[in-house]
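# Summary of structural features
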Amino acid sequence: MNTTAPAVKTALISVSDKTGIVAFATQLAQLGIKLLSTGGTAKLLQESGLAVTEVAEHTGFPEMLDGRVKTLHPTIHGGLLARREVAEHMQAIKQHGIETIDLLVVNLYPFEATVAKPDCTLEDAIENIDIGGPAMVRSAAKNWRGVGVVTDAAQYTKVLEEIQKNGALSDATRFALSVAAFNRIADYDAAISNYLSAINTDGTSAPFSLQFNTNFTKLQDLRYGENPHQQAAFYRDQSPLPGSLVTARQLQGKELSYNNIADADAAWECVKSFGDIPACVIIKHANPCGVALGANAAEAYSKAFQTDSTSAFGGIIAFNTEVDEETANRVSKQFVEVLIAPSYTPQALQILESKKNARVLVVDISGLQQDGKTNWERSRNSYDLKRVSSGILVQSADHHQLKAADLKVVTKAQPSDQQMHDMMFAWKVAQYTKSNAIVFCANGMTLGVGAGQMSRVDSARIASIKAENAGLSLQNSAVASDAFFPFRDGLDVVVKAGASCVIQPGGSIRDQEVIDAADEQGVVMVFTGVRHFRH
């Protein structure tokens, strides 16, 4: 036995989620460990043939108030908090007939699951706020040098293996369990705070709570941040959404950098917006430099690459469909930093192996499958966060899905079916392009992208120059602007370049001036009534 660590002689078990608890408790009992337990857990263990001392018997004080008070007792907390190495502590608990508790196994009332239910009432929420559980967890975690605290069924196996081997838990294990326990309490309290502080006095819920608590788990340290002199790390939500970037597995290539992850997320979010239509998005510095649809991944990639092959060099490429051998052959001819897809054929992976430094990521989207289709919306964040000095901006995420029926034709010229299709495609790309954004498109592919300029006119000029440099004609193309044209000059630039139809939000005090300019030049213009600023 490990003589430097306290032996595990007594375990207190009180769990809401009883997954695996009978098997775990059975093996503890087989090691001669005394079992204490409460309420439903004690009943389950007793029915399973285990010798269990109920907490009420152990404390000499009955459970009361419908179980609200059962473990809030000096006999419990003295047994958890007494420091084994402090003689005065041990004398004190001996004087009061308190036994040490060496292992605490607790998971909490399911508050998060309860409030996630659409029919959850305030009373339901309140009744699922655990009091005794967090109190015990904090006591045990604070006294980690003498007590092991287990707060997740996933910890059972390792804890049991170590006790079986040594009769005790090592300092390293107890400290790791303590950290995990305090993290769990932090998550739990944050969920309660977020929920309750969003409740109005009339019982309705506000969209934003009075206190916004966020908790993330570190996935990895990064070599550096946006620049080499900055430190960085990558964190994920406590419960990541299926099909989100943080769930990706890296199949090959160098370690992901801060900029790789940021750009990969931009690419993945954009390509998901096209649903199950095979699409390819190429991102450079957070902006799409090529986006296209195709009959398959290979065609989509070839069309996207045509938009701006120069910027695509060293870019991030995302597909919303499987990458096959033909696609991998085409992609492997360029320098790619990161490649993202929901799956790859074995032949494709074999080809990509030759690109040793290319970071190949696969995102499992099986959790998004529903009735033979992919419910991509389930993989999208509900909120966007932006750090400012000593504060944070929080907004609902921009997932607005424009429908053709939402469009208002404001010009004399009416759009053809093809123009409507091109404008809708261009609008989706503009949604993922930094403001000010001007996007030329035709036949399911981008032709020129102007992004991030202080002047919308400059974005329009840059987009047309990009198309010219790529040898792509803008004749009869569609143009999307993420926000309204404040003057007619931006419209004049895109029409002169060859645009035959324009989609924009509208809403400027000079809308009529811009509409008149469109009529004057015989082009179609439609208003969405929605803008897509992206800063």
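Just above sits the structure.
Given the structure is predicted, the values throughout are model-derived calculations rather than measurements.

## Here we look at the state of the cysteines
Enumeration over the complete set of coordinates arrives at zero disulfides. Here Cys 289 stays unpaired: no disulfide links it, and the sulfur of Cys 280, its closest cysteine neighbor, is 9.4 Å away. Among the cysteines around Cys 441, which has no disulfide bond, Cys 501 carries the closest sulfur, lying 9.9 Å off. With relative accessibility at 0%, the residue Cys 441 sits in the buried group.

## Some words on the pattern of salt bridges
Here the structure, examined in full by the defined rule, presents 17 salt bridges. Through salt bridges with shared partners, a single network forms among Glu 269, Lys 272, Glu 377 and Arg 380.

## Thoughts on the packing of aromatic side chains
Considering all chains together, one arrives at 10 aromatic pairs under this definition. The interplanar angle of 75° and the centroid separation of 5.8 Å between the aromatic rings of Trp 268 and Trp 376 together place this pair among those described as edge-to-face. Here the residue Trp 268 occupies a position in helix H11 (residues 258–272), and Trp 376 occupies one in the loop between strand E15 (373–374) and strand E16 (383–388), the gap between them amounting to 108 residues. You'll find Trp 268 and Trp 376 in the same group, each marked buried. Their ring planes at 25° and their centres at 5.7 Å tell us that Tyr 301 and Phe 305 sit as a pair that is stacked. With Tyr 301 and Phe 305 both in helix H12 (residues 297–307) and four residues apart, the pair spans about one turn of that helix. With relative accessibility at 3%, the residue Tyr 301 sits in the buried group. Among the residues examined, Phe 305 registers a relative accessible area of 25% and is labelled partly exposed. Of the aromatic side chains, those joined through ring pairs into one cluster are Phe 111, Tyr 188 and Tyr 195.

The rules behind these values
- Residues numbered from 1 in each chain as written.
- Predicted model: local features only at pLDDT ≥ 70, side-chain atom pairs only at ≥ 80, totals over all residues.
- Heavy atoms only, no water.
- Disulfide = S-S within 2.5 Å.
- Buried < 20%, exposed > 50% of the residue type's maximum accessible area, 1.4 Å probe, protein only.
- Salt bridge = Lys/Arg side-chain N within 4 Å of Asp/Glu carboxyl O.
- Phe/Tyr/Trp six-rings, centres within 6.5 Å; stacked < 30°, edge-to-face > 60°.
- Helix = DSSP H or I, 4+ residues; strand = E, 2+ residues; numbered from the N terminus.

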